[in-house]
Amino acid sequence: MADLYRDLPVTYGSPTMSPHCDDEAKYAVVTRVTERLLSIRREKGLFAGQPIAELMTVNGIRVVAEDGTWGLVRASSNKPELVVVVESPVSSERRREIFDALNGILAGIPEVGAYNQTF
């Protein structure tokens, strides 16, 4: 098992982070984040310092940068909060950059409150 584990690629993930967001607002907030990311991609802008390689809108929004670093924002299914997760196959610095970029969008939305934890 140890040999199999050592062969796995190294990734830099975050804990599941959950900023408060009322049940009545959380799905609309995810829609606003999605619209903002779609706009950045449409305008060929940079997100966390890189072009957006992919956007997936199944159960929230997942944004993937060219280097494979990604971030996810979705509405919690059972609590008045959002779920934010980020991961990078490159470095902990890239993980922080994608989190900061997502958090920058969320910070501009008044319905989004404090996180239960960050990294």
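As the structure is a computational prediction, the values presented were derived from the model and not from experiment. (Residues numbered from 1 in each chain as written. Predicted model: local features only at pLDDT ≥ 70, side-chain atom pairs only at ≥ 80, totals over all residues. Heavy atoms only, no water.)

Things to note about the overall build of the protein chain
Helix and strand content of the protein chain: three helices and six strands. Listing the helices and strands of the protein chain from first to last along the sequence gives α-β-α-β-β-β-β-β-α. Its C-alpha atoms give the protein chain principal-axis dimensions of about 50 × 35 × 25 Å. Going through the 119 residues of the protein chain one by one, you find that 41% of them count as buried. When contacts within the protein chain are restricted to residue pairs at least 6 apart in sequence, those whose partners lie at least 24 apart make up 58%. Summed over all atoms, the accessible surface of the protein chain reaches about 6,800 Å², with 51% contributed by carbon and sulfur. Charge-centre separation for the protein chain: the mean point of 13 positive side chains lies 2 Å from the mean point of 16 negative side chains. (Helix = DSSP H or I, 4+ residues; strand = E, 2+ residues; numbered from the N terminus. Buried < 20%, exposed > 50% of the residue type's maximum accessible area, 1.4 Å probe, protein only. Contact = heavy atoms within 4.5 Å. Areas by Shrake-Rupley, 256 points an atom, 1.4 Å probe, with all protein chains shown as cover. Lys, Arg positive; Asp, Glu negative; His and termini not counted. Charge placed at Lys NZ, Arg CZ, Asp CG, Glu CD.)

A few points about unusual backbone geometry
Phi at Ala48 is positive, roughly 55°, even though this residue is not glycine. Along the chain, Ala48 falls in the loop between strand E2 (46–47) and strand E3 (50–56). Classification of Ala48 by relative accessible area gives buried; the value is 16%. Phi at Asn59 is positive, roughly 60°, even though this residue is not glycine. Position of Asn59 relative to the elements: it lies in the loop between E3 and strand E4 (61–65).

Section: the packing of aromatic side chains
Counted according to the given criterion, the structure contains two aromatic pairs. Seen in terms of ring centroids, Phe99 and Phe119 are 5.4 Å apart; in terms of plane orientation they differ by 65°. Their pairing is edge-to-face. Of this pair, Phe99 sits in helix H3 (residues 92–107) while Phe119 sits in the segment after H3, and the two are 20 residues apart along the sequence. Classification of Phe119 as partly exposed rests on a relative accessible area of 27%. An aromatic cluster is built from Phe99, Tyr115 and Phe119, whose rings are joined through pairwise contacts. The cationic tip of Arg62 hangs over the ring face of Trp70; the distance from NZ or CZ to the ring centre is 4.1 Å. A cation sits over an aromatic face here: Arg96 above Phe119, 4.4 Å from the ring centre. (Phe/Tyr/Trp six-rings, centres within 6.5 Å; stacked < 30°, edge-to-face > 60°. Lys NZ or Arg CZ within 6 Å of the ring centre and 35° of its normal.)

Quick notes on the pattern of salt bridges
Inspection of every chain in the model, using the stated rule, returns six salt bridges. A salt bridge links Arg6 to Asp3; the shortest N-O distance between them is 2.3 Å. In this pair, Arg6 and Asp3 are both assigned in helix H1 (residues 2–7), three residues apart and thus about one turn of the helix distant. Each member of the pair, Arg6 as well as Asp3, is classed as exposed. In this structure, Arg96 engages Asp100 in a salt bridge whose closest nitrogen and oxygen atoms are separated by 3.5 Å. Taken together, the residues Arg96 and Asp100, both in helix H3 and four residues apart, mark about one turn of the helix. Looking at Asp100, the relative accessible area reads 40%, which means it is partly exposed. One continuous salt-bridge network, built from bridges that share partners, spans Asp67, Arg94 and Glu97. (Salt bridge = Lys/Arg side-chain N within 4 Å of Asp/Glu carboxyl O.)

Looking at the environment of Arg42
Tracing the chain through its elements places Arg42 in helix H2 (residues 23–42). Since its relative accessible area comes to 62%, Arg42 is described here as exposed. Placed twelve residues apart in sequence, Arg42 and Glu54 show a C-alpha to C-alpha distance of 12 Å.

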